[in-house]
Amino acid sequence: MLALRARRITLRTLKSTPDRDKFWMPAEYERHSGCWMLWPERCDNWRSGAKPAQAAFVSVATAISLGEPVTVGASAQQFQNARARLGDHIRVVEMSANDAWVRDSGPTFVIDSRGRRRAVDWMFNAWGGHAGGLYSPWDRDDEVARKIAEIESADRYRAPFVLEGGAIHVDGQGTCLTTEECLLNPNRNPHLSRAQIEDELRRYLGIRCVIWLGRGVYLDETDGHIDELACFVAPGQVALTWTADRSDPQYEISQDAYRRLKSARDAHGRLLTIHKIHQPDPITMTAEEAAGLDIREGTYPRRAGDRLPASYINFYIANKVLVMPLYDRRRDRAAARTLARLFPTRRIMGVRTREILLGGGNIHCITQQVPAPKR
Ligand code: KQY
């Protein structure tokens, strides 16, 4: 008799933790299977009907697609528009969300040494819920990680605490980098102490060591995400946003981060090498840009003259390319040179991302890697 073996398609919500199951989050510079993005459309965050932002998202997706497959989730209303504007080699799937920050609403993937990949689905509260969050409701964003896990056929851990992917960076070898401003903010997990948060990071990222920096980039509306301030560029090596201008409020923030990094040791007991990347000259929102936004109660107000949290650290490391934000020629060139030195096997691709920055984030915030399973 013909023996038929059913292929398992049931996706599980696991009761254990990645750490207990011997899964860990690999570093972004390790190999990827692909990258996820979401299509921007909300007119209270993206000016002029989100058209300029959509053009910038297309440029980012196109640049990343030179190195790895890209999938973009778009709402039912925007599906045709996104499909028409993105190249045919970019997969577009219908997915509702409250906004387009998949770094934060999407899953963090973890892998194990047996070639498996799973998703961690963090609780999401729009960067602070009703105590300083950026919009309400955020229920659709909170479902994004689960939807992506389903499409990627990944079993899922639902973490019992609030975290955004932009609030953590890992070296893939047991170390996590984060900020006190964000993770200790009472608008995320007021019931957890610093030690308990470290424990949760250990359990859900499979890490052993947490390096705490203080405040994030000046006026970063996420309460200081690490992904604007600093990131691992290799095990034992960190890139840090920098300014030489003592009168800039960012000066003390970067100095403090530098001091902490200098005195830290990673999970392997290594001292860190720090690569400073000078920030662009301060960028503010113009009156015309502010006027292009819909005004909606309960949404973070964006006003003419507001300084934007511009940093070169918010780049995305794809398989063969690194996609970095471009702001002003002089600083862009220096940042690109440093990144080319740090990532000699990748092509450095610059994208003008002012329109993404106007929404409060940048390239790293709108992307989420799907790591390749270990062979
Ligand atoms: O830093 C990030 N990962 C996200 C920025 C989100 C800004 C929301 N307006």
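See above for the structure.
Presented here is an overview of the structure given in this document. (Residues numbered from 1 in each chain as written. Predicted model: local features only at pLDDT ≥ 70, side-chain atom pairs only at ≥ 80, totals over all residues. Heavy atoms only, no water.)

**Considering the sheet that holds strand β9 (residues 175–179)**
The strand order across the open sheet formed by 3 strands is β8-β9-β10, and the pairing between neighbours is mixed. The sheet terminates laterally at β8 (169–170) and β10 (209–213), the two strands that pair on one side only. In this structure, β8 lies alongside β9, joined through 2 bridges in antiparallel fashion. The residue bridging Val-170 from the neighbouring strand is Cys-176, located in β9. Against the sheet, helix α6 (residues 194–205) engages β8, β9 and β10, with an angle of about 130 degrees to β10. Against the sheet, helix α8 (residues 249–263) makes contact with β9 and β10, and its axis sits at roughly 155 degrees relative to β10, the strand it touches most. (Pairing = 2+ DSSP bridges. Helix = DSSP H or I, 4+ residues; strand = E, 2+ residues; numbered from the N terminus. Contact = heavy atoms within 4.5 Å. Axes fitted to C-alpha atoms, helices over the stretch in contact; angles between N-to-C directions.)

**Here we look at the site of the ligand**
Around the ligand there are 14 residues in total, and Asp-104, Glu-221, His-225, Gly-359 and Cys-365 lie nearest to it. Contact distances for the ligand include 2.6 Å between a nitrogen atom and a side-chain N or O atom of Glu-221. Asp-227 places a side-chain nitrogen or oxygen 3.1 Å from a nitrogen atom of the ligand. Burial of the ligand by the protein chains amounts to 99% of its free accessible area of 300 Å². With respect to the pocket detection grid, the ligand is positioned in the largest cavity. Residues that form the shell around the ligand fall into these classes: 4 nonpolar, 5 polar and 5 charged. (Near = heavy atom within 4 Å. Polar contact = N/O pair within 3.5 Å; in protein donor to acceptor, adjacent residues only side chain to side chain. Areas by Shrake-Rupley, 256 points an atom, 1.4 Å probe, with all protein chains shown as cover. 1 Å grid on protein atoms, 1.4 Å probe; cavity = no way out; pocket = protein on both sides within 12 Å on 5 of 7 lines; lining within 4 Å. Sits in = over half its atoms within 2 Å of the grid points. Nonpolar A, V, L, I, M, F, W, Y, C, P; charged D, E, K, R; others polar.)

**Some details on the layout of surface pockets**
Here the second largest pocket defines a volume of roughly 250 Å³. Considering only residue class, the lining of the second largest pocket consists of 6 nonpolar, 5 polar and 4 charged. (Points joined across faces, edges and corners; volume = space filled by probe spheres on them.)

**Examining empty space enclosed by the protein**
In this structure the tally under the stated criterion is 7 cavities of 30 Å³ or more. Around the largest cavity, the lining is made up of 16 residues, and of these Trp-101, Trp-127, Leu-134, Glu-221 and Gly-359 lie nearest the centre. Residue composition of the lining of the largest cavity, by class: 6 nonpolar, 6 polar and 4 charged. Of the volumes computed, that of the second largest cavity is approximately 80 Å³. Lining the second largest cavity are Met-25, Pro-26, Glu-28, Arg-103, Thr-108, Gly-165, Ile-168, His-169, Val-170, His-364, Gln-368 and Gln-369. Taken together, the elements giving at least two residues each to the lining of the second largest cavity come down to β8 and β17 (368–371). Here the lining of the second largest cavity is composed, by residue class, of 4 nonpolar, 6 polar and 2 charged.

**Some thoughts on α8**
The end-to-end C-alpha distance of α8, which contains 15 residues, comes to 23 Å, matching closely the 21 Å that a straight helix rising 1.5 Å per residue would cover. Among all positions of α8, only Gln-250, Tyr-251, Ile-253, Ser-254, Gln-255, Ala-257 and Leu-261 are buried. Among the structural elements, β9, β10, α7 (226–229), β12 (237–242) and β13 (273–278) are those in contact with the buried residues of α8. Where α8 starts, the residue carrying a side-chain oxygen 2.8 Å from the main-chain nitrogen of Gln-250 turns out to be Asp-248. (Expected span 1.5 Å × (residues − 1). Buried < 20%, exposed > 50% of the residue type's maximum accessible area, 1.4 Å probe, protein only.)

**Section: the sheet that holds strand β6 (residues 117–123)**
Reading across the sheet, the 4 strands line up as β1-β7-β6-β5 and stay open at both edges, with mixed pairing between neighbours. The strands lining the two open edges of the sheet, one partner per strand, are β1 (13–14) and β5 (108–111). In this sheet, β6 lies alongside β5 in antiparallel orientation, the contact comprising 4 bridges. Residue pairing across strands places Phe-109 opposite Ala-119, the latter belonging to β6. Contacting β1, β5, β6 and β7 (156–162), helix α4 (residues 139–151) runs over the sheet at an angle of about 170 degrees to β6. Here α6 sits on the sheet and contacts β5, β6 and β7; the angle it forms with β7, its principal contact strand, is near 170 degrees.

**Section: the environment of Val-210**
Tracing the chain through its elements places Val-210 in strand β10. The sequence separation of Val-210 and Asp-199 amounts to 11 residues, and the corresponding C-alpha distance is 9.5 Å. Excluding residues that lie within four positions of it along the chain, Val-210 makes contacts with Cys-176, Thr-178, Glu-198 and Leu-201.

**Here we look at unusual backbone geometry**
Following Ser-136, the chain continues to Pro-137 via a peptide bond in cis, the omega torsion being 0 degrees. One non-glycine residue, Asp-223, lies in positive phi territory at about 65 degrees. As for its position among the elements, Asp-223 is in the loop between β10 and α7.

**Points about the packing of aromatic side chains**
A full pass over the atoms with the stated rule returns 10 aromatic pairs. Ring centres of Phe-315 and Phe-343 lie 6.1 Å apart, and the angle between their planes is 75 degrees; this geometry places the pair in the edge-to-face category. Here Phe-343 lies in the loop between α10 (329–342) and β16 (347–352) and Phe-315 lies in the loop between α9 (287–291) and β14 (316–317), a separation of 28 residues in the sequence. Grouping residues by exposure puts Phe-315 and Phe-343 together as buried. Through successive ring pairs, a cluster of aromatic residues spans Trp-46, Phe-57 and Trp-101. A cation sits over an aromatic face here: Arg-194 above Trp-212, 4.7 Å from the ring centre. Over the ring of Trp-242 we find Lys-276, and its NZ or CZ is 4.3 Å from the ring centre. (Phe/Tyr/Trp six-rings, centres within 6.5 Å; stacked < 30°, edge-to-face > 60°. Lys NZ or Arg CZ within 6 Å of the ring centre and 35° of its normal.)

Interpretation note: all reported values are geometric properties and have no functional meaning in isolation.
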